Amino acid sequence: MYSAHLDVFAEIDGIGSASGLFASGDLLYIIGDNSAYLNEYNIKTRQLRKIQILFDPSLNQLENITKALKPDFEILCGHGDKLYILGSGSTNKRNLMIEFDLKTQQVIQKDLTHTYNRLKTIAHVNDENFNLEGAIYTDTTWLLFNRGNGIGTKNGIFKINGTDLNGLYLATFTPAKLPNMEQVEASFTDAVLVKNEIFFIATVEDTQSTYTDGEILGSFIGSLNADTLKLNFTYRISGNHKFEGITLFKQTDNKLEFLLCEDRDNEELKTTIYKLILNY
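Residues numbered from 1 in each chain as written. Predicted model: local features only at pLDDT ≥ 70, side-chain atom pairs only at ≥ 80, totals over all residues. Heavy atoms only, no water.

A. Quick peek at the state of the cysteines. If you walk through the whole model with that rule in mind, you get 0 disulfides. Looking at Cys 77, it has no disulfide partner, and the nearest cysteine sulfur is the one in Cys 261, 14 Å off. Taking the relative accessible area as the measure of exposure, Cys 77 reaches 6% and is therefore buried. (Disulfide = S-S within 2.5 Å. Buried < 20%, exposed > 50% of the residue type's maximum accessible area, 1.4 Å probe, protein only.)

Here it is as C-alpha coordinates:
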(Lines give C-alpha, C1' and ligand atoms only; values in the text may rest on other atoms or scores of the structure.)
Protein backbone atom coordinates (compact mmCIF):
# COMPACT_ATOMS: atom_id res chain seq x y z
CA MET A 1 0.00 0.00 0.00
CA TYR A 2 1.32 3.43 -0.96
CA SER A 3 1.02 6.82 0.68
CA ALA A 4 1.69 9.96 -1.35
CA HIS A 5 2.94 13.48 -0.73
CA LEU A 6 2.84 16.23 -3.36
CA ASP A 7 4.84 19.45 -3.15
CA VAL A 8 6.26 22.18 -5.42
CA PHE A 9 9.76 21.35 -6.67
CA ALA A 10 10.59 24.30 -8.96
CA GLU A 11 9.07 27.37 -10.62
CA ILE A 12 10.51 27.92 -14.10
CA ASP A 13 10.03 31.04 -16.24
CA GLY A 14 10.19 30.64 -20.02
CA ILE A 15 8.20 27.41 -20.46
CA GLY A 16 4.50 27.27 -21.24
CA SER A 17 1.96 24.42 -21.51
CA ALA A 18 4.39 21.84 -20.12
CA SER A 19 3.36 18.38 -21.32
CA GLY A 20 6.34 16.06 -20.77
CA LEU A 21 9.58 15.83 -18.84
CA PHE A 22 12.61 13.57 -18.42
CA ALA A 23 15.20 13.70 -15.63
CA SER A 24 18.84 12.92 -16.38
CA GLY A 25 21.21 13.61 -13.49
CA ASP A 26 21.12 17.32 -12.68
CA LEU A 27 19.31 18.10 -15.93
CA LEU A 28 15.57 18.15 -16.43
CA TYR A 29 14.27 18.13 -20.00
CA ILE A 30 10.81 19.61 -20.52
CA ILE A 31 8.59 19.98 -23.56
CA GLY A 32 5.51 22.10 -24.16
CA ASP A 33 2.76 21.01 -26.51
CA ASN A 34 2.75 24.35 -28.38
CA SER A 35 6.48 25.04 -28.63
CA ALA A 36 9.25 24.42 -31.15
CA TYR A 37 11.79 24.06 -28.33
CA LEU A 38 13.08 21.34 -26.06
CA ASN A 39 13.90 22.93 -22.70
CA GLU A 40 16.94 21.88 -20.67
CA TYR A 41 16.73 23.01 -17.02
CA ASN A 42 19.73 22.65 -14.71
CA ILE A 43 18.32 21.72 -11.31
CA LYS A 44 21.42 22.92 -9.42
CA THR A 45 22.08 26.24 -11.19
CA ARG A 46 18.43 26.90 -12.14
CA GLN A 47 19.57 27.87 -15.62
CA LEU A 48 17.30 27.23 -18.61
CA ARG A 49 18.58 26.42 -22.10
CA LYS A 50 16.27 26.31 -25.10
CA ILE A 51 17.04 23.84 -27.90
CA GLN A 52 15.18 24.39 -31.17
CA ILE A 53 13.79 21.09 -32.50
CA LEU A 54 11.30 22.36 -35.10
CA PHE A 55 12.46 24.29 -38.16
CA ASP A 56 9.23 24.58 -40.13
CA PRO A 57 9.29 27.88 -42.09
CA SER A 58 5.47 27.98 -42.08
CA LEU A 59 5.48 28.63 -38.33
CA ASN A 60 5.26 32.36 -37.64
CA GLN A 61 6.29 31.89 -34.01
CA LEU A 62 8.23 29.33 -31.98
CA GLU A 63 6.43 29.71 -28.65
CA ASN A 64 2.67 29.55 -28.15
CA ILE A 65 2.11 28.16 -31.62
CA THR A 66 -1.57 28.45 -32.53
CA LYS A 67 -3.77 25.45 -31.70
CA ALA A 68 -4.42 24.59 -35.33
CA LEU A 69 -0.70 24.47 -36.17
CA LYS A 70 0.93 23.32 -32.94
CA PRO A 71 2.83 19.98 -33.04
CA ASP A 72 1.12 18.90 -29.79
CA PHE A 73 4.25 17.29 -28.39
CA GLU A 74 2.68 15.34 -25.51
CA ILE A 75 5.36 12.67 -25.13
CA LEU A 76 8.95 12.89 -23.92
CA CYS A 77 10.76 9.69 -23.04
CA GLY A 78 14.39 8.64 -23.02
CA HIS A 79 16.54 5.59 -23.53
CA GLY A 80 20.32 5.45 -23.62
CA ASP A 81 21.68 8.72 -24.99
CA LYS A 82 18.52 9.69 -26.86
CA LEU A 83 15.32 11.52 -26.10
CA TYR A 84 12.16 10.81 -28.07
CA ILE A 85 9.51 13.50 -28.50
CA LEU A 86 6.21 12.48 -30.08
CA GLY A 87 3.13 14.31 -31.23
CA SER A 88 -0.22 13.11 -29.92
CA GLY A 89 -1.66 12.17 -33.31
CA SER A 90 -4.96 13.83 -32.37
CA THR A 91 -4.96 15.72 -35.71
CA ASN A 92 -2.97 15.23 -38.92
CA LYS A 93 -0.73 18.15 -37.90
CA ARG A 94 0.39 16.25 -34.80
CA ASN A 95 2.17 13.19 -36.18
CA LEU A 96 5.82 14.20 -35.82
CA MET A 97 8.53 12.42 -33.87
CA ILE A 98 11.81 14.07 -32.87
CA GLU A 99 14.91 12.11 -31.88
CA PHE A 100 17.38 14.19 -29.90
CA ASP A 101 20.88 12.86 -29.21
CA LEU A 102 22.06 14.04 -25.80
CA LYS A 103 25.74 13.63 -26.74
CA THR A 104 25.86 15.08 -30.26
CA GLN A 105 22.82 17.40 -29.90
CA GLN A 106 21.64 16.13 -33.29
CA VAL A 107 17.94 16.56 -34.09
CA ILE A 108 16.24 14.01 -36.38
CA GLN A 109 12.61 14.46 -37.45
CA LYS A 110 10.34 11.62 -38.54
CA ASP A 111 6.76 11.50 -39.81
CA LEU A 112 4.64 8.91 -37.97
CA THR A 113 1.43 9.38 -39.99
CA HIS A 114 1.58 5.88 -41.50
CA THR A 115 2.36 4.34 -38.09
CA TYR A 116 -0.44 6.19 -36.33
CA ASN A 117 -2.94 5.18 -39.01
CA ARG A 118 -1.98 1.53 -38.59
CA LEU A 119 -2.33 1.79 -34.81
CA LYS A 120 -5.85 3.16 -35.21
CA THR A 121 -6.72 0.19 -37.39
CA ILE A 122 -5.25 -2.31 -34.93
CA ALA A 123 -7.17 -0.83 -31.98
CA HIS A 124 -10.35 -0.03 -33.91
CA VAL A 125 -9.94 3.58 -32.81
CA ASN A 126 -11.16 6.39 -35.05
CA ASP A 127 -9.51 9.80 -35.49
CA GLU A 128 -11.66 11.38 -32.76
CA ASN A 129 -10.49 8.86 -30.14
CA PHE A 130 -6.78 8.62 -30.97
CA ASN A 131 -4.64 10.74 -28.64
CA LEU A 132 -1.23 9.48 -27.50
CA GLU A 133 0.01 11.04 -24.26
CA GLY A 134 2.74 8.77 -22.91
CA ALA A 135 5.47 6.40 -24.09
CA ILE A 136 8.02 3.97 -22.72
CA TYR A 137 10.87 2.65 -24.83
CA THR A 138 13.17 -0.24 -23.99
CA ASP A 139 15.78 -1.78 -26.29
CA THR A 140 13.18 -4.00 -27.93
CA THR A 141 9.71 -2.63 -27.22
CA TRP A 142 7.61 0.53 -27.38
CA LEU A 143 4.59 1.13 -25.16
CA LEU A 144 2.34 3.98 -26.27
CA PHE A 145 -0.48 5.18 -24.01
CA ASN A 146 -3.71 6.34 -25.63
CA ARG A 147 -5.62 8.91 -23.61
CA GLY A 148 -9.30 8.01 -23.52
CA ASN A 149 -10.67 11.54 -23.42
CA GLY A 150 -12.64 11.17 -26.64
CA ILE A 151 -16.29 10.20 -26.76
CA GLY A 152 -15.31 6.50 -26.90
CA THR A 153 -13.11 6.67 -23.74
CA LYS A 154 -10.47 4.52 -25.44
CA ASN A 155 -7.87 4.32 -22.66
CA GLY A 156 -5.31 1.70 -23.60
CA ILE A 157 -1.74 0.70 -24.31
CA PHE A 158 -0.19 -0.07 -27.67
CA LYS A 159 2.65 -2.58 -27.36
CA ILE A 160 5.01 -2.57 -30.34
CA ASN A 161 7.78 -5.12 -30.67
CA GLY A 162 10.66 -3.49 -32.50
CA THR A 163 12.96 -0.48 -32.30
CA ASP A 164 11.73 1.63 -35.23
CA LEU A 165 8.22 3.02 -34.87
CA ASN A 166 8.04 3.45 -38.62
CA GLY A 167 8.72 -0.27 -38.97
CA LEU A 168 5.82 -1.26 -36.70
CA TYR A 169 6.80 -4.94 -36.73
CA LEU A 170 4.06 -6.32 -34.47
CA ALA A 171 1.60 -4.26 -32.44
CA THR A 172 -1.23 -5.04 -30.03
CA PHE A 173 -3.68 -2.85 -28.11
CA THR A 174 -4.72 -3.54 -24.53
CA PRO A 175 -7.71 -1.53 -23.24
CA ALA A 176 -7.44 -0.11 -19.71
CA LYS A 177 -10.20 0.73 -17.24
CA LEU A 178 -9.33 3.66 -14.97
CA PRO A 179 -11.16 5.30 -12.02
CA ASN A 180 -13.92 7.81 -12.61
CA MET A 181 -15.22 10.90 -10.84
CA GLU A 182 -18.69 12.38 -11.36
CA GLN A 183 -19.24 9.74 -14.05
CA VAL A 184 -16.16 10.89 -16.00
CA GLU A 185 -13.42 8.29 -16.45
CA ALA A 186 -9.79 9.25 -15.85
CA SER A 187 -7.53 9.11 -18.89
CA PHE A 188 -3.80 8.45 -19.30
CA THR A 189 -1.56 11.51 -19.48
CA ASP A 190 1.92 9.93 -19.13
CA ALA A 191 3.82 6.88 -17.86
CA VAL A 192 7.28 5.77 -16.78
CA LEU A 193 8.86 2.35 -16.23
CA VAL A 194 10.39 1.52 -12.82
CA LYS A 195 11.84 -1.99 -12.76
CA ASN A 196 8.88 -4.23 -13.67
CA GLU A 197 6.20 -1.68 -12.84
CA ILE A 198 4.67 1.02 -15.00
CA PHE A 199 3.73 4.13 -13.04
CA PHE A 200 1.23 6.34 -14.82
CA ILE A 201 -0.61 9.57 -14.22
CA ALA A 202 -4.20 10.10 -15.33
CA THR A 203 -6.54 13.09 -15.30
CA VAL A 204 -10.29 13.36 -15.07
CA GLU A 205 -11.24 16.12 -17.53
CA ASP A 206 -14.88 16.85 -18.27
CA THR A 207 -14.68 16.77 -22.06
CA GLN A 208 -15.46 14.30 -24.81
CA SER A 209 -12.91 15.73 -27.20
CA THR A 210 -9.21 15.10 -27.80
CA TYR A 211 -8.98 18.68 -29.10
CA THR A 212 -11.08 20.84 -26.75
CA ASP A 213 -10.13 21.25 -23.07
CA GLY A 214 -12.63 20.78 -20.25
CA GLU A 215 -13.00 21.25 -16.49
CA ILE A 216 -10.38 19.38 -14.44
CA LEU A 217 -11.96 17.19 -11.77
CA GLY A 218 -8.84 15.45 -10.42
CA SER A 219 -5.61 13.56 -11.14
CA PHE A 220 -4.40 10.10 -10.16
CA ILE A 221 -1.17 8.15 -10.01
CA GLY A 222 -1.30 4.41 -10.48
CA SER A 223 0.70 1.46 -11.64
CA LEU A 224 0.46 -1.47 -14.01
CA ASN A 225 2.37 -4.73 -14.15
CA ALA A 226 4.82 -4.28 -17.02
CA ASP A 227 4.36 -7.84 -18.28
CA THR A 228 0.60 -8.30 -18.00
CA LEU A 229 -0.49 -4.61 -18.09
CA LYS A 230 -2.86 -5.42 -15.23
CA LEU A 231 -3.75 -2.57 -12.87
CA ASN A 232 -2.02 -2.69 -9.47
CA PHE A 233 -3.39 0.43 -7.79
CA THR A 234 -4.57 4.00 -8.28
CA TYR A 235 -4.29 6.91 -5.83
CA ARG A 236 -5.86 10.35 -6.16
CA ILE A 237 -3.17 13.02 -5.84
CA SER A 238 -4.99 16.24 -6.73
CA GLY A 239 -8.42 17.72 -7.24
CA ASN A 240 -7.55 20.52 -9.65
CA HIS A 241 -4.20 19.87 -11.38
CA LYS A 242 -3.86 18.61 -14.93
CA PHE A 243 -0.60 16.69 -14.67
CA GLU A 244 0.71 15.76 -18.11
CA GLY A 245 4.26 14.53 -17.52
CA ILE A 246 6.00 12.18 -15.09
CA THR A 247 9.64 11.14 -14.70
CA LEU A 248 11.49 9.15 -12.05
CA PHE A 249 13.74 11.39 -9.97
CA LYS A 250 15.03 9.21 -7.10
CA GLN A 251 14.35 5.80 -5.62
CA THR A 252 15.23 3.93 -2.43
CA ASP A 253 14.10 0.61 -0.97
CA ASN A 254 10.84 2.05 0.38
CA LYS A 255 10.37 5.35 -1.45
CA LEU A 256 9.96 6.61 -5.01
CA GLU A 257 10.30 10.26 -5.96
CA PHE A 258 8.75 11.47 -9.21
CA LEU A 259 8.70 14.87 -10.86
CA LEU A 260 5.47 16.00 -12.51
CA CYS A 261 4.63 18.84 -14.87
CA GLU A 262 1.31 20.55 -15.40
CA ASP A 263 -0.39 21.98 -18.47
CA ARG A 264 -2.27 25.09 -17.39
CA ASP A 265 -3.91 25.48 -20.83
CA ASN A 266 -2.91 29.15 -21.15
CA GLU A 267 -0.24 31.19 -22.94
CA GLU A 268 1.79 32.15 -19.87
CA LEU A 269 5.45 31.16 -20.25
CA LYS A 270 5.80 29.85 -16.74
CA THR A 271 5.60 26.33 -15.39
CA THR A 272 5.60 24.66 -11.99
CA ILE A 273 7.35 21.33 -11.49
CA TYR A 274 6.00 19.21 -8.65
CA LYS A 275 7.63 16.44 -6.65
CA LEU A 276 5.50 13.44 -5.80
CA ILE A 277 6.83 11.10 -3.11
CA LEU A 278 5.40 7.59 -2.88
CA ASN A 279 6.15 5.67 0.31
CA TYR A 280 5.50 1.94 0.58
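Picking up where we left off.
B. The arrangement of unusual backbone geometry in detail. Positive phi values are uncommon outside glycine, yet Asn 64 reaches one of about 55 degrees. We note that Gln 183 has phi near 65 degrees; this positive angle belongs to a residue other than glycine. Summarising the element assignment, Gln 183 is placed in the loop between strand E14 (180-181) and strand E15 (184-185). (Helix = DSSP H or I, 4+ residues; strand = E, 2+ residues; numbered from the N terminus.)

C. View of the pairing of strand E12 (residues 156-161). Note that strand E11 (residues 141-146) and E12 share 6 bridges and pair antiparallel. Across the sheet, Leu 143 pairs through a bridge with Lys 159, a residue of E12. Pairing of E12 with strand E13 (residues 170-175) involves 6 bridges; the strand directions are antiparallel. Note that in E13 the partner of Ile 157 across the bridge is Thr 174. (Pairing = 2+ DSSP bridges.)

D. Spotlight on the environment of Ser 58. Structurally, Ser 58 is set in the loop between strand E5 (48-52) and strand E6 (73-79). Distance from Ser 58 to Leu 69, taken between C-alpha atoms, is 9.2 Å for residues 11 residues apart in sequence. Separated by 2.8 Å, the side chains of Ser 58 and Asp 56 make a polar contact. (Polar contact = N/O pair within 3.5 Å; in protein donor to acceptor, adjacent residues only side chain to side chain.)

E. Looking closely at the sheet that holds strand E17 (residues 197-206). Read across the sheet, 4 strands follow the order E16-E17-E18-E19 without closing on themselves; strand pairing throughout is antiparallel. Because the sheet does not close on itself, it has two edges, and the strands there are strand E16 (187-194) and strand E19 (231-238). For this sheet, the mean angle separating the axes of adjacent strands, direction not counted, is 20 degrees. Bridge count between E17 and strand E18 (residues 215-225): 10 bridges; the pairing is antiparallel. Within E18, the position partnered with Thr 203 by the bridge is Ser 219. (Axes fitted to C-alpha atoms, helices over the stretch in contact; angles between N-to-C directions.)

F. Geometry of empty space enclosed by the protein. In the structure shown here, the tally under the stated rule is 1 cavity of 30 Å³ or more. In this structure, the largest cavity occupies an estimated 30 Å³ of space. Lining of the largest cavity is provided by Gly 16, Ser 17, Ala 18, Glu 262, Arg 264, Asn 266, Glu 268, Lys 270 and Thr 271. Residue composition of the lining of the largest cavity, by class: 1 nonpolar, 4 polar and 4 charged. (1 Å grid on protein atoms, 1.4 Å probe; cavity = no way out; pocket = protein on both sides within 12 Å on 5 of 7 lines; lining within 4 Å. Points joined across faces, edges and corners; volume = space filled by probe spheres on them. Nonpolar A, V, L, I, M, F, W, Y, C, P; charged D, E, K, R; others polar.)

G. Quick peek at the nonpolar core. Counting residues in each nonpolar core, the largest one holds 22 residues, and the members touching the most others are Leu 86, Leu 119, Trp 142, Leu 144, Phe 158, Ile 160 and Leu 165. Mapped onto this core, the elements with two or more residues apiece are E6, strand E7 (82-87), helix H1 (113-123), strand E10 (132-137), E11, E12 and E13. Not counting chain neighbours up to four residues away, the residues in contact with Leu 119 comprise Phe 130, Leu 144, Phe 158, Ile 160, Leu 168 and Ala 171. Counting residues in each nonpolar core, the second largest holds 20 residues, with Ala 176, Leu 178, Ala 191 and Phe 220 among its members. (Core = buried A, V, L, I, M, F, W, Y, C linked by side-chain atoms within 4.5 Å. Contact = heavy atoms within 4.5 Å.)

H. Spotlight on the pattern of salt bridges. Using the criterion set out here, one finds 15 salt bridges in the structure. Among the salt bridges present, the one from Glu 99 reaches Lys 82, with a minimum N-O distance of 3.6 Å. Within this pair, whereas Glu 99 is found in strand E8 (residues 96-101), its partner Lys 82 is found in strand E7, the two being separated by 17 residues in sequence. Judged by relative accessible area, which is 10%, Glu 99 ranks as buried. Residue Lys 110 pairs with Glu 99 through a salt bridge whose shortest N-O separation is 2.9 Å. Note that Lys 110 is positioned in strand E9 (residues 107-111) and Glu 99 in strand E8, a separation of 11 residues in sequence. (Salt bridge = Lys/Arg side-chain N within 4 Å of Asp/Glu carboxyl O.)

I. Up close: the environment of Leu 256. Relative to the helices and strands, Leu 256 resides in strand E21 (residues 255-262). Residue Leu 256 is classed as buried on the basis of its relative accessible area of 3%. The spatial distance from the C-alpha of Leu 256 to the C-alpha of Asn 279 is 6.6 Å, given a sequence separation of 23 residues. With sequence-adjacent residues up to four places away left out, Leu 256 is seen in contact with Val 194, Phe 199, Leu 248, Lys 250, Gln 251, Leu 276, Ile 277, Leu 278 and Tyr 280.

J. Quick look at the environment of Gly 32. With respect to the helices and strands, Gly 32 occurs in strand E3 (residues 27-32). On the accessibility criterion, Gly 32 (1% relative accessible area) is buried. Expressed as a C-alpha distance, the spacing of Gly 32 and Leu 76, which sit 44 residues apart in the sequence, is 9.8 Å. Contact partners of Gly 32, with chain neighbours within four places excluded, come to Gly 16, Ser 17, Ala 18, Ser 19 and Phe 73.

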